[in-house]
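Inside the fold
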Amino acid sequence: RQPDRRHSGVRRSVVDGRTMSRPQQITVLGATGSIGLSTLDVIARHPERYQAFALSGFTRLSELLALCVRHTPRFAVVPQAAAARSLQDDLRAAGLSTRVLVGEEGLCQVAADPEVDAVMAAIVGAAGLRPTLAAVEAGKKILLANKEALVMSGALFMQAVRKSGSVLLPIDSEHNAIFQCMPADFARGLSSVGVRRILLTASGGPFRQTPMAELAHVSPDQACAHPNWSMGRKISVDSASMMNKGLELIEACWLFDAKPSQVEVVIHPQSVIHSLVDYIDGSVLAQLGNPDMRTPISNALAWPERIDSGVPPLDLFAIARLDFQAPDEERFPCLRLARQAAEAGNSAPAMLNAANEVAVAAFLDGRVRYLEIASIIEEVLNLEPVVALNDLDAVFTADAKARLLAEQWLSRHGR
């Protein structure tokens, strides 16, 4: 899993006895989302090092067109054939030769293409799993922003990483911070490298201090109004409920071969310390920075080097103070459910994620109240037994069962 210098700069090849250099070819899965846009911003700052090879989009197709015009990728990927035909016509009208591909097959193709050096896996939710695995199996450098890939299929995913020799680098600001604070040989095991625990920081979201009685009536717009980060609506709701932190806890266990008991969540409202690593000698290493995703993106793109990300320097005097508190599981029941799923292992995290996706979508559609998100997830976990996941089909079976149970909850309650 350890990165090396082969992936850090321009790609070199031998042509007619001469060593040639070209920019690394980057596929951005989820290009129109906040992570994708930040990735393209970093790429555009270093055209001598990086070039967009393929971009994918889901619903924001006019934005995808604009990104294609700006970055001239070789491929674009959209979910439906009709959208592909429309986008292809628009690209031709703009004088571009970008070829449009369709659906999951297209995503997997641009993730595994022999010309691709690195894949930004930033598709939100279960939809990102297969194309991310395709990139892993092709031995690509993976910039992992799709936490669901590890939450749903952690053992299978990490097995594929080891088998292919793929380089896996975390993009979530917390996991990237942990990665930066870990010793280079952390893959030998936390106890072997003197690590006692991982301290995973959380902002606490918009409802950290909201009176409990008011939580039953909060709106989707209120849940999406994150105090520090600009994110998509689904991730913003996850941050408000702290399910996002629960999923990150599960992800951290797989990335760093940690037990759930070795990962502690700490609420840090300023979002300046992105996470910490506690060593057995009493040292605690922290990674600090402004809350801007271009920092972990640039760190992963250039690792083990450092490049300009466009993020302004951190002004500690302006921040003036750093606060910390323990999370309240009564206020954030989703965090409790995620930890229980992490401890149960096997299919429990996949079911947790699936039930949460259904519940959050229903909340954003105005069909359920905010507090009912946790109720739906808990019922699904209680109804469906935990089973072993021996292959990807078993992963998607567990995912489908959990979604069905969540939809049944909605139907029973007239939602």
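The written sequence of each chain sets the order in which its residues are numbered from 1. Totals for whole chains, interfaces and linings use every residue, but because this is a predicted model, local features are given only for residues with pLDDT of at least 70 and side-chain atom pairs only at 80 or more, for both listing and counting. No hydrogens and no water enter the side-chain calculation; it runs on all heavy atoms of the structure.

1. Digging into the overall build of the protein chain
Quick note on the threshold: Per the convention used, a helix needs a DSSP run of H or I reaching at least four residues, while a strand needs a run of E reaching at least two, with both numbered from the N terminus. With the radius of gyration taken over C-alpha atoms, the globule rule is written as 2.2 Å times the number of residues to the power 0.38. Each residue is placed in one exposure class: buried if its accessible area under a 1.4 Å probe, protein chains only, is under 20% of its type's maximum, exposed if it is over 50%, and partly exposed if it falls in between. Only heavy atoms matter for contacts: two residues are in contact if any of them lie within 4.5 Å across the pair.
Of regular secondary structure, the protein chain possesses 16 helices and 13 strands. Against the 2.2 N^0.38 benchmark of 22 Å for 415 residues, the protein chain shows a C-alpha radius of gyration of 21 Å, consistent with a compact globule. Within the protein chain, the proportion of its 415 residues that are buried is 56%. Considering only intrachain contacts with a sequence separation of at least 6, the fraction spanning at least 24 residues in the protein chain is 70%.

2. Re the sheet that holds strand β7 (residues 118-121)
Applied cut-off: By this definition, two strands are paired if DSSP reports at least two bridges between them. A fitted line through C-alpha atoms serves as each axis, taken over the contacting stretch for helices, and the angle formed by two N-to-C directions is quoted from 0 to 180°.
Taken together, 7 strands build an open sheet; the order of strands is β6-β5-β4-β3-β7-β8-β9 and the sheet is parallel. The open sheet has two edge strands with one neighbour each: β6 (99-102) and β9 (167-170). Sheet twist, expressed as the average angle between the axes of neighbouring strands with direction ignored, equals 25°. Bridge count for strand β3 (residues 24-29) against β7 is 4 bridges, and the pairing is parallel.

3. Description of the nonpolar core
Threshold: Buried Ala, Val, Leu, Ile, Met, Phe, Trp, Tyr and Cys residues form a nonpolar core when they are joined through side-chain atoms within 4.5 Å.
Phe157 and Leu352 are the most contacted members of the largest nonpolar core, which totals 134 residues. The element best represented in this core is helix α14 (residues 348-364), accounting for 11 residues. In this structure phenylalanine 157 touches Thr132, Leu133, Val136, Leu144, Ala149, Leu150 and Leu168, once residues within four positions along its chain are discounted.

4. Re the environment of aspartate 257
As for its position among the elements, aspartate 257 is in the loop between α10 (243-255) and β11 (263-267). Contacts of aspartate 257, omitting those with residues within four sequence positions, involve Leu190 and Ala252.

5. Observations concerning the packing of aromatic side chains
Defined as follows: Working definition: a ring pair exists when centres of Phe, Tyr or Trp rings (six-membered ring for Trp) sit within 6.5 Å. Plane angles under 30 degrees give stacked, over 60 give edge-to-face, the rest tilted.
If you walk through the whole model with that rule in mind, you get 6 aromatic pairs. Ring centres of phenylalanine 179 and tryptophan 303 lie 5.0 Å apart, and the angle between their planes is 70°; this geometry places the pair in the edge-to-face category. Remark: tryptophan 303 occurs in the loop between α11 (294-302) and α12 (316-319) and phenylalanine 179 occurs in helix α7 (residues 173-181); sequence separation between them is 124 residues. Assessed through its relative accessible area of 21%, tryptophan 303 is described here as partly exposed. An aromatic cluster of at least three residues, connected via ring pairs, comprises Phe179, Phe186, Phe256 and Trp303.

6. Section: the pattern of salt bridges
Just so we agree on the cut-off: Salt bridges are identified by distance alone: a Lys or Arg side-chain nitrogen within 4 Å of an Asp or Glu carboxyl oxygen.
Using the criterion set out here, one finds 25 salt bridges in the structure. The shortest N-O distance in the salt bridge between glutamate 174 and lysine 245 comes to 2.8 Å. With glutamate 174 in helix α7 and lysine 245 in helix α10, the pair connects residues that are 71 residues apart, well separated along the chain. For the residue pair glutamate 174 and lysine 245, the accessibility class agrees, reading buried in each case.

7. Here's the deal with the sheet that holds β11
Sheet strands pair by backbone hydrogen bonding; their relative direction is either parallel or antiparallel. Strand order in the open sheet made by the 4 strands is β11-β10-β12-β13, with mixed pairing throughout. The sheet is open, and its two edges are formed by β11 and β13 (284-288), each paired on a single side. Sheet twist, expressed as the mean angle between neighbouring strand axes with direction ignored, is 20°. Sheet topology places strand β10 (residues 195-202) next to β11; 5 bridges connect them, and they run parallel. Across the sheet, residue alanine 202 finds its bridge partner in β11, namely isoleucine 267. Helix-sheet contacts for α7 involve β10, β12 (273-279) and β13, and the interaxial angle to β12 is about 40°.

8. Here we look at the packing of helix α15 (residues 372-383) against helix α16 (residues 392-412)
Heads up, the condition is: For classification purposes, angles smaller than 35 degrees are called roughly parallel, those larger than 145 roughly antiparallel, those between 65 and 115 roughly perpendicular, and all remaining angles oblique. Each helix crossing is assigned a hand: it is left-handed if the near helix lies turned anticlockwise from the far helix by less than a right angle, otherwise right-handed if that turn is clockwise. Lys, Arg, Asp and Glu make up the charged group, whereas Ala, Val, Leu, Ile, Met, Phe, Trp, Tyr, Cys and Pro make up the nonpolar group; the residues left over, Gly among them, are polar.
The contact between α15 and α16 brings their axes to 9 Å, and the two run at 125°. Taken together, the axis directions place α15 and α16 in an arrangement best described as oblique. The handedness of the crossing between α15 and α16 is right-handed. On the side of α15, the interface is formed by Glu372, Ile376, Glu379, Val380 and Leu383, while α16 contributes Ala402, Leu405, Ala406, Trp409, Leu410 and Arg412. Across the contact of α15 with α16, the residue classes tally to 8 nonpolar, no polar and 3 charged.

9. Overview of the state of the cysteines
Put simply, the test is: The criterion for a disulfide is a pair of cysteine sulfur atoms lying within 2.5 Å.
This structure, assessed with the given rule, holds 0 disulfides. Unpaired in terms of disulfides, cysteine 68 finds its nearest cysteine sulfur in cysteine 108, a separation of 19 Å. For cysteine 68, a relative accessible area of 0% gives the class buried. Between cysteine 224, a cysteine without a disulfide, and cysteine 334, which holds the nearest cysteine sulfur, the sulfur-to-sulfur distance is 14 Å.

10. Some remarks on the side chain of serine 203
Rules: Polar contact is defined as a pair of N or O atoms within 3.5 Å, subject to the rule that within protein one atom must be able to donate a hydrogen and the other to accept it, and that residues adjacent in sequence are counted only when both atoms are side-chain atoms.
Along the chain, serine 203 falls in the loop between β10 and α8 (220-223). Classification of serine 203 as buried rests on a relative accessible area of 10%. Side-chain polar atoms of serine 203 contact the backbone nitrogen of glycine 205, separated by 2.9 Å. Residues within four places of serine 203 in sequence aside, it is in contact with Arg208, His226, Asn228, Ser239, Ile267, His268, Pro269 and Ser271.

11. Topic: the environment of phenylalanine 324
By the secondary structure assignment, phenylalanine 324 is in the loop between α12 and α13 (333-344). You can call phenylalanine 324 partly exposed: its relative accessible area is 45%. Residues in contact with phenylalanine 324, not counting those within four places in the same chain, are Val266, Ile267, His268 and Ile273.

12. Here we look at the pairing of β3
Basically, it comes down to this: Viewed with both strands pointing away, a crossover whose connecting path from the first strand over the helix to the second turns clockwise is right-handed.
The buried fraction of β3 is high, at 6 of 6 residues. Residues Gln24, Ile26 and Val28 point to one face of β3 and Gln25, Thr27 and Leu29 to the other, with burial holding for every one of them. In this structure, β3 lies alongside strand β4 (residues 50-56), joined through 5 bridges in parallel fashion. Looking at β4, one finds that glutamine 24 is bridged to tyrosine 50. Regarding the hand of the β-α-β motif, the stretch spanning β3, helix α1 (residues 34-45) and β4 is right-handed.

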